[in-house]
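A closer look at the structure
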Amino acid sequence: VLANVSDLPGKTKLLKFFTINETWHLVDLPGYGYAHTKKTEREEFNTAVRDYLAHRPSLRLTFVLIDSRHAPTEIDLKFVHWLGRQGRPFALIFTKVDKQAAQHTQNTIAHFRQAMAASTDARPPVFATSSTTRVGRTEILAHIAQALPAPNAPRETVGGQMMHRPGRKDAEGATADESESEV
């Protein structure tokens, strides 16, 4: 299992590194909102995520995943405001668009953008996606390709699958090769 998937949020409790095409890393970070964990545990991984995002020189791009079925939450808006202040590139990925009418998704995105504009000048790219129907997949891969140096751009392989293998971590949780790009 590469990453846990569940109906209950909060399965990711560590920073998980996946090496893609043996040239760059996709890093799965704990969520900041709905994890069903103790408050102290949530605060610990929020601190780890904040430190990672603020101080990782190899980080090229951050994707913020937002459930498209719900209105913007205060924690979502605070997080994108913080990302905007950090000056790091980020994009918004609205998930689960297959679970509702397209107009509802567009309304949610417009509402989020409007709410976000009240607290930050950041205008990140936005993607509407579905893991079930694969809507948005091509656009996200193209965006990653633009963010990475050309030799590290994502490549499709036989069967449309990308090569994944857990990255090597040192004692401090850093990947073995800090010169590789991370998304």
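Report on the accompanying structure. Since the structure is predicted, the reported quantities are computational estimates derived from the model, not experimental observations.

What counts and how
- Residues numbered from 1 in each chain as written.
- Predicted model: local features only at pLDDT ≥ 70, side-chain atom pairs only at ≥ 80, totals over all residues.
- Heavy atoms only, no water.
- Helix = DSSP H or I, 4+ residues; strand = E, 2+ residues; numbered from the N terminus.
- Buried < 20%, exposed > 50% of the residue type's maximum accessible area, 1.4 Å probe, protein only.
- Contact = heavy atoms within 4.5 Å.
- Areas by Shrake-Rupley, 256 points an atom, 1.4 Å probe, with all protein chains shown as cover.
- Phe/Tyr/Trp six-rings, centres within 6.5 Å; stacked < 30°, edge-to-face > 60°.

Summing up its helical and strand segments, the chain has 4 helices and 7 strands in all. Each helix and strand of the chain, placed in order from N terminus to C terminus, yields the pattern β-β-α-β-α-β-α-β-α-β-β. Within the span of the chain, comprising 183 residues, buried residues form 41% of the whole. A separation of at least 24 residues holds for 69% of the contacts in the chain among residues at least 6 apart in sequence. As presented, the chain carries roughly 10600 Å² of accessible surface, and 54% of it is formed by carbon and sulfur atoms.

Turning next to the packing of aromatic side chains. If you walk through the whole model with that rule in mind, you get 3 aromatic pairs. Seen from their ring centres, F17 and Y52 are 6.3 Å apart, and the 75° between their planes marks the pair as edge-to-face. Residue F17 is located in strand β1 (residues 16-20), and its partner Y52 is located in helix α1 (residues 39-55); the two are separated by 35 residues in the primary sequence.

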